[in-house]
Amino acid sequence: MWTFTTDLAAYSRAAEPFLLADPVRNTVPLSVLANLRAGMPADGAYFGWWATDGDGVGGVVFRTPPRLLVVGVMPVEAAAPLVKALPGPIPGVVGRRELVEAVVEAMGVPGTVRAERLYRLDELSVPTVPGRGRLATAAHRAVLTGWHAAFAAEVALDAGDPDEEISRRLARRELFVWEDDGVPVSMAGLSPESGGVCRIGPVYTPPAARRRGYGAAVTAHTCQVALAERCREVVLFTDLANPTSNAIYQSIGFRPVDDHALVTFAG
């Protein structure tokens, strides 16, 4: 049976122990929970968990409008009941591929699909690239805001207000840049630690600076900081339609965990 609430504390009490049992695969629900606790705007947000008699929580979903419904780890057989229990219409769904496919099948609504993959860092291999990595500061705000907007446009995602997002992440020391000759040429974000896991993202290099190793360099630098100061594990997501980025992340030590899918419905 699915239970839904708009009460973050009630959701946390019910679902967090389940999420923490597999923090790598539940990286998105856990990091969003951490962000919400830290004050991330959540107008219209709702949360759900799946439980069967005597077995406790066995799955989670949540939505923070205007974003898509996020499907966490759950049994495939919970998908059809989920569709019936949803509090309202959704613009799309994202999660492990087999779960997203089951939700979409139960909804009977075709959508636009993007294939993704979750990677976990195994053994970090640091590339040799000109320049240095550093924590982003307020001096980087303007360029990072522009890059954030460009990234969202490039991947066709609604990432909210870029200035608000960058300001929030700068204040929480979650953004890193790679500088070459003192000029920022690439950026990477780092989610708050949840269950010992941090997630890299987004990673963005402007077109004029690509194919020079900057994306790999800033990602590796961010991983080094994460493992030294913030968490035990590092993960990230990639778009499977971009073989270059997938190859880059594997070259510095990331290994596949699960395939995911993002489906948006025609509005």
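Caption draft 1: Highlighting the packing of aromatic side chains. Taken as a whole and judged by the stated rule, the model has 7 aromatic pairs. Measuring from ring centre to ring centre gives 6.0 Å for F4 and Y46, while their planes differ by 70°; the resulting arrangement is edge-to-face. Of the two residues, F4 sits in strand β1 (residues 2-5) while Y46 sits in strand β2 (residues 46-52), which places them 42 residues apart along the sequence. An aromatic cluster of three or more residues is present, and its members are W2, F4, Y46 and W50.

Caption draft 2: Fine view of the packing of helix α1 (residues 8-20) against helix α2 (residues 27-37). Between α1 and α2, whose axes approach to 11 Å, the crossing angle comes to 145°. Handedness of the α1/α2 crossing: left-handed. Across from L8, Y11, S12, E16, L19 and L20 in α1, the residues of α2 making contact are P29, L30, L33, L36 and R37. Of the residues belonging to the contact of α1 with α2, the class tally is 8 nonpolar, 1 polar and 2 charged.

Caption draft 3: Fine view of the pattern of salt bridges. Throughout the structure, instances matching the rule amount to 15 salt bridges. The salt bridge partner of D258 is R25, with a shortest N-O separation of 2.7 Å. In this pair, D258 sits in strand β12 (residues 254-265) while R25 sits in the loop between α1 and α2, placing the two residues 233 residues apart along the sequence. The salt bridge partner of E174 is R169, with a shortest N-O separation of 2.9 Å. Comparing E174 with R169 shows no difference in burial state: the two are buried.

Caption draft 4: View of helix α6 (residues 162-171). Taken residue by residue, α6 has E165, I166, R168, R169 and L170 as its buried positions. In this structure, the buried side of α6 is in contact with α2, α5 (141-155), β8 (175-180), β9 (183-190) and β10 (197-204). Two or three places before D163, at the opening of α6, D161 has a side-chain oxygen 3.0 Å from that residue's backbone nitrogen. Two residues or fewer after α6 comes R173, characterised by a positive phi angle close to 60°.

Caption draft 5: Geometry of the environment of T205. Position of T205 relative to the elements: it lies in the loop between β10 and α7 (214-230). The buried category is assigned to T205, whose relative accessible area is 10%. Measuring from C-alpha to C-alpha, the distance between T205 and R96 comes to 27 Å, with 109 residues separating the pair along the chain. Here T205 is in contact with V185, S186, R210, Y214 and G215, once residues within four sequence places are set aside.

Conventions adopted
Residues numbered from 1 in each chain as written. Predicted model: local features only at pLDDT ≥ 70, side-chain atom pairs only at ≥ 80, totals over all residues. Heavy atoms only, no water. Phe/Tyr/Trp six-rings, centres within 6.5 Å; stacked < 30°, edge-to-face > 60°. Helix = DSSP H or I, 4+ residues; strand = E, 2+ residues; numbered from the N terminus. Axes fitted to C-alpha atoms, helices over the stretch in contact; angles between N-to-C directions. Left-handed = near helix turned anticlockwise from the far one by under 90°. Contact = heavy atoms within 4.5 Å. Nonpolar A, V, L, I, M, F, W, Y, C, P; charged D, E, K, R; others polar. Salt bridge = Lys/Arg side-chain N within 4 Å of Asp/Glu carboxyl O. Buried < 20%, exposed > 50% of the residue type's maximum accessible area, 1.4 Å probe, protein only. Polar contact = N/O pair within 3.5 Å; in protein donor to acceptor, adjacent residues only side chain to side chain.

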